[in-house]
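Each chain, letter by letter, is given below.
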Amino acid sequence: MKSLSIAVLAAGVALAALGPAQAAAKGEAFLKKAIGGDLAEVQMGKLAQEKGSSDAVRSFGQTLVTDHSKAQQQATETAQSLGVTAPSAPPKKAQGEKAKLSKLSGKAFDRAFIDHMVQDHKEDIAAYTREAKLKADGKVAELASESLPTLRKHLQLAQSMQKDMKAKK
């Protein structure tokens, strides 16, 4: 009976230890994705500054470069403090989106860019909101929570421009 109790206790300890390890792995994955996303947004912002046909799109591109450069720096510092190796390039999917958009010009570029920004920021807000609720992730959850107002501002700007573009069709 005593050996069974010890086995149950050991199993309980092992399961308890697994929880924080899984949380840390999720936090690490989120950080890497966030940093890659910030790198992608900076590139997309630069593309908008180069190819945008309207002042609004070019200005939004500058906003993306400024805000996501700052966010990328903060996320990288958080990653370093946790011993996580930060990615140095955007994810392949983002690189593909940039390649598609870079083939467009004029109003076609503006519309496709803004449509992409609306969808991308909706996805980002959902991911950051989920991460912010994971208090076990500590610094990572805090970073996600602090990033949400900027992401929401970007979404609102993109949606406003999207609405204006549809009205001018």
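Residues numbered from 1 in each chain as written. Predicted model: local features only at pLDDT ≥ 70, side-chain atom pairs only at ≥ 80, totals over all residues. Heavy atoms only, no water.

*Asks:* Help me understand the overall build of the protein chain in this model?
*Replies:* Across its full length, the protein chain holds 5 helices and 0 strands. Secondary structure elements of the protein chain, listed N to C terminal, follow the sequence α-α-α-α-α. In the protein chain, the share of contacts with a sequence separation of at least 24, taken over all contacts with a separation of at least 6, comes to 79%. Surface accessibility of the protein chain: about 10,000 Å² in total, with carbon and sulfur atoms responsible for 57%. (Helix = DSSP H or I, 4+ residues; strand = E, 2+ residues; numbered from the N terminus. Contact = heavy atoms within 4.5 Å. Areas by Shrake-Rupley, 256 points an atom, 1.4 Å probe, with all protein chains shown as cover.)

*Asks:* What is the right way to read the environment of serine 160 from this model?
*Replies:* Assignment of secondary structure puts serine 160 in helix H5 (residues 139-167). With 42 residues separating them along the chain, serine 160 and valine 118 place their C-alpha atoms 9.7 Å apart.

*Asks:* Could you clarify how one ought to interpret the packing of aromatic side chains in this entry?
*Replies:* The description of two aromatic rings rests on the distance between their centres and on the angle between their planes. Counted by the stated rule, this structure contains 3 aromatic pairs. For the ring pair phenylalanine 30 and tyrosine 128, a centre distance of 4.9 Å and an interplane angle of 75° mean the geometry is edge-to-face. Of this pair, phenylalanine 30 sits in helix H1 (residues 2-51) while tyrosine 128 sits in helix H4 (residues 106-132), and the two are 98 residues apart along the sequence. One exposure class covers both phenylalanine 30 and tyrosine 128, and it is buried. Measuring from ring centre to ring centre gives 5.6 Å for phenylalanine 109 and phenylalanine 113, while their planes differ by 15°; the resulting arrangement is stacked. Of this pair, phenylalanine 109 and phenylalanine 113 both sit in helix H4, 4 residues apart, which is roughly one turn of the helix. Both residues of the pair, phenylalanine 109 and phenylalanine 113, belong to the buried class. The structure contains a cluster of three or more aromatic residues connected by ring pairs, namely Phe60, Phe109 and Phe113. (Phe/Tyr/Trp six-rings, centres within 6.5 Å; stacked < 30°, edge-to-face > 60°. Buried < 20%, exposed > 50% of the residue type's maximum accessible area, 1.4 Å probe, protein only.)

*Asks:* When you look at the environment of lysine 98 in this model, what are you seeing that I'm missing?
*Replies:* As for its position among the elements, lysine 98 is in helix H3 (residues 92-102). The class of lysine 98 is partly exposed, set by a relative accessible area of 28%. For the pair lysine 98 and alanine 40, spaced 58 residues apart in the sequence, the C-alpha separation amounts to 8.3 Å.

*Asks:* Which parts of the structure should I look at to understand the packing of helix H2 (residues 55-81) against H4?
*Replies:* When two helices pack together, their arrangement is given by the angle between their axes and by how far apart the axes lie. One way to put it is that H2 packs onto H4 with a least axis distance of 11 Å and a crossing angle of 35°. The chirality of how H2 crosses H4 is left-handed. Judged by residue contacts, Val57, Phe60, Leu64 and His68 of H2 engage Phe109, Asp110, Phe113, Ile114, Met117 and His121 from H4. For the contact of H2 with H4, a count of residues per class yields 7 nonpolar, 2 polar and 1 charged. (Axes fitted to C-alpha atoms, helices over the stretch in contact; angles between N-to-C directions. Left-handed = near helix turned anticlockwise from the far one by under 90°. Nonpolar A, V, L, I, M, F, W, Y, C, P; charged D, E, K, R; others polar.)

*Asks:* When you look at a positive patch on the surface in this model, what are you seeing that I'm missing?
*Replies:* Residues Lys107, Arg111, Lys122, Lys166, Lys168 and Lys169 make up a contiguous surface patch of positive charge. Among the elements that line the positive patch, the one with the most residues is H4, at 3 residues. Mapping arginine 111 onto the fold places it in helix H4. (Patch = residues over 30% accessible without salt bridge, like charges linked within 9 Å, V, L, I, M, F, W, Y side chains within 5 Å. Salt bridge = Lys/Arg side-chain N within 4 Å of Asp/Glu carboxyl O. Lys, Arg positive; Asp, Glu negative; His and termini not counted. Charge placed at Lys NZ, Arg CZ, Asp CG, Glu CD.)

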